[in-house]
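Below, each chain spelled out in residue letters.
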Amino acid sequence: MIDNISFSTTGEGTFTRQYTGIHKLWPYDLLVEVSAVSVNPVDLKLAAKNANGKRILGYDAVGTVVDMGSSVRGVEKGDRVFYAGTTVREGAHQKLQLVDHRITAHAPTKLTDGQAAAMPLTALTAWELLFERMGFVPKEGVNKGQLLMINGAGGVGSIASQIAKWAGFKVTATSSPKNFEWLQKNGVKECVDYHQDLIVEAGARKFDAVVSFHDISDYFPAVAKVVKPFGKVGTIVETKKDLPMNLLKNTNVDFYWEYMFAKTEQQMKIESQGAILTRIAEMLDAGILHTTLTKEFTGGISCDTLEAAFARVAKGAIGKTVVSGGVKE
C-alpha cells in the first residue's frame, strides 16, 4: 500500500483531507498523479449522497502517468493524460488515482492543465449524444439543418455548440441574456432568452433536432411542437416528471438518452471513450475547438479550493470550473 492524500465529502460541498492507500494496479490501469480537476453538476449530486465520506469523488482530471499495468499499450511513464473517470471506481480528488487507460487519452499539448481538465466529461457527453445516440455524422460540415440547444451556456452546452457547428449545424441556444456573448463565442448562431416561450420564439421555424442540457420536463410540450416531423430529441438530465412521449408519436420523432458513465458501468465499448478523447485533443490542438474553462482555482487541490469550486458550480456558473496545481503535501 502507498500513502496517498485524498479528499472526501462530509456533506454537500464540504471536504476532509485524509490518507488512503492505492489499491492493486490491474493490467489495464494507469496510476496517475493528478494535477488538475474540474467540477461538474454530477459531482454536487453525488457529494450530497456521500456525507459519510466513504467514496472519493471527482471525474474530470489531467495528470502524469507514474506507473501502469502489464496490458497497457501506447502510454509511457511521464505521459500527460486526461480523462472523465467512472462512477464505479474512486475519483480524482486525490494525489494518485488508478484509472483504466482505455478511457484516457494524451492531453492536448497546447492547453494548460486547467484548460484541459475542463473538457473530458462534457466533451464525451456532447459527442456521444450527437454522434452515437442521435446518429449524426462526426465529420466537418456534413450535417445540415437547424439544432436547438436548451441550456446552451452550461458545461455540456458550451462544448456541444462548438462540436455541432463544426459538424455543419446552424445552432440556436437558450440561456440568460447575460450569457449571449458566451454562446456566440461557442458557435451559437441565434441566442434565445430562456424566459421566453419557445414556440413564440421559433415562429414558423422547425428544428431538425432539439437537445436539452436541463430537465426537459417543462419544455417538453414546446419541444414537441418546434421539432420537425421525423426529427430527433435528446437529453442528458434525469427528469423530475414523467414525459408525455405520446406528443412525439404522430410525427415519428425519435427520443434519445445520453449517460456518459453507462459504458464503464456496463463495461461495454469503454475503449471508445479514449478514442473520442484522442479526437477531441486533436481538435483542441488544431484550434477547431477551444476550452470551456471560465474559472480556475490555482495553488493546489485542497479542501478549501474544492469547496470554492463546488460553491461556484452550485450557483449555475457558465462554462467549467477547475482546480489546478496538484495535491500539496
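Since we're looking at a predicted model, the values are computed, not measured. (Residues numbered from 1 in each chain as written. Predicted model: local features only at pLDDT ≥ 70, side-chain atom pairs only at ≥ 80, totals over all residues. Heavy atoms only, no water.)

Across its full length, the chain holds 11 helices and 15 strands. Here the chain has a C-alpha radius of gyration of 20 Å; the compact-globule value for 329 residues is 20 Å, and the two agree. Here the C-alpha coordinates of the chain stretch approximately 65 × 40 × 35 Å along the principal axes. Total accessible area on the chain is roughly 14400 Å²; 51% of this is exposed by carbon and sulfur atoms. Computed over 37 positive and 35 negative side-chain charges, the separation of the two mean positions in the chain equals 4 Å. (Helix = DSSP H or I, 4+ residues; strand = E, 2+ residues; numbered from the N terminus. Rg over C-alpha atoms; globule rule 2.2 N^0.38 Å. Areas by Shrake-Rupley, 256 points an atom, 1.4 Å probe, with all protein chains shown as cover. Lys, Arg positive; Asp, Glu negative; His and termini not counted. Charge placed at Lys NZ, Arg CZ, Asp CG, Glu CD.)

All right, on to the sheet that holds strand 13 (residues 254-257) then. Working definition: the strands of a sheet are paired by backbone hydrogen bonds and lie parallel or antiparallel to each other. Strand order in this open sheet of six strands is 10-9-8-11-12-13, and the pairing throughout is parallel. Two strands bound the open sheet, and with one partner strand each, they are strand 10 (190-193) and strand 13. Adjacent strand axes in the sheet meet at a mean angle of 20° when their direction is disregarded. Looking at chain direction, strand 8 (residues 146-150) and strand 9 (residues 170-175) are connected through four bridges and run parallel. Within strand 9, the position partnered with L147 by the bridge is V171. (Pairing = 2+ DSSP bridges. Axes fitted to C-alpha atoms, helices over the stretch in contact; angles between N-to-C directions.)

Take unusual backbone geometry next. We note that N151 has phi near 70°; this positive angle belongs to a residue other than glycine. Relative to the assigned elements, N151 resides in the loop between strand 8 and helix 4 (155-167). In the Ramachandran plot, N252 falls in the positive-phi region, its phi being about 55° despite a non-glycine side chain. Residue placement: N252 occurs in the loop between helix 8 (246-249) and strand 13. Residue N252 is classed as partly exposed on the basis of its relative accessible area of 45%. (Buried < 20%, exposed > 50% of the residue type's maximum accessible area, 1.4 Å probe, protein only.)

Now for the pairing of strand 11 (residues 207-212). Buried residues dominate strand 11, accounting for five of its six residues. Bridge count between strand 8 and strand 11: four bridges; the pairing is parallel. By the bridge assignment, M149 is partnered in strand 11 with V211. As judged from the five bridges shared by strand 11 and strand 12 (residues 227-235), these two strands associate in the parallel manner. Each bridged residue has a counterpart across the sheet, and for V211 the counterpart in strand 12 is G234. Taking the sense of rotation as the criterion, the β-α-β connection linking strand 11, helix 7 (residues 220-226) and strand 12 turns out right-handed. (Right-handed = clockwise from strand over helix to strand, strands pointing away.)

The subject of this paragraph is the packing of aromatic side chains. Applying the stated criterion to the full structure yields nine aromatic pairs. Ring plane angle 75° and centroid distance 4.9 Å describe the contact between F136 and F169, whose orientation is recorded as edge-to-face. Of this pair, F136 sits in the loop between helix 3 (120-133) and strand 8 while F169 sits in the loop between helix 4 and strand 9, and the two are 33 residues apart along the sequence. Accessibility expressed as a relative area gives 14% for F136, which makes it buried. Between F255 and W257 the ring centres are 5.4 Å apart and the planes differ by 80°, which places this aromatic pair in the edge-to-face class. Among the aromatic residues, those joined into a ring-pair cluster are Y59, Y259 and F261. Directly above the aromatic system of Y28 lies the positively charged group of R102, at a separation of 3.9 Å from the ring centroid. (Phe/Tyr/Trp six-rings, centres within 6.5 Å; stacked < 30°, edge-to-face > 60°. Lys NZ or Arg CZ within 6 Å of the ring centre and 35° of its normal.)

The next thing to look at is the packing of helix 1 (residues 41-48) against helix 11 (residues 303-314). Look at helix 1 against helix 11: their axes get within 9 Å of each other, and the N-to-C directions meet at 110°. With respect to helix 11, the axis of helix 1 lies roughly perpendicular. Considering the relative orientation of helix 1 and helix 11, their crossing is left-handed. Two secondary-structure elements touch here, helix 1 through P41, D43, L44 and A47 and helix 11 through F310, V313 and A314. (Parallel < 35°, antiparallel > 145°, perpendicular 65-115°, else oblique. Left-handed = near helix turned anticlockwise from the far one by under 90°. Contact = heavy atoms within 4.5 Å.)

Time to look at the pattern of salt bridges. A complete count under the given rule lists 11 salt bridges for this structure. Among the ionic pairs, E190 bridges to R205, the shortest N-O distance being 2.9 Å. Taken as a pair, E190 in strand 10 and R205 in the loop between helix 6 (198-202) and strand 11 lie far apart in primary sequence, 15 residues in all. Overall, the relative accessible area of 28% leaves E190 in the partly exposed class. Its relative accessible area of 17% is what places R205 among the buried residues. Its salt-bridge partner being D208, residue K228 comes within 3.2 Å of it at the nearest N-O pair. With K228 in strand 12 and D208 in strand 11, this residue pair connects regions lying 20 residues apart in the sequence. Taken together, the salt bridges that share partners define one network made up of E128, E132, R133, E258 and K263. (Salt bridge = Lys/Arg side-chain N within 4 Å of Asp/Glu carboxyl O.)

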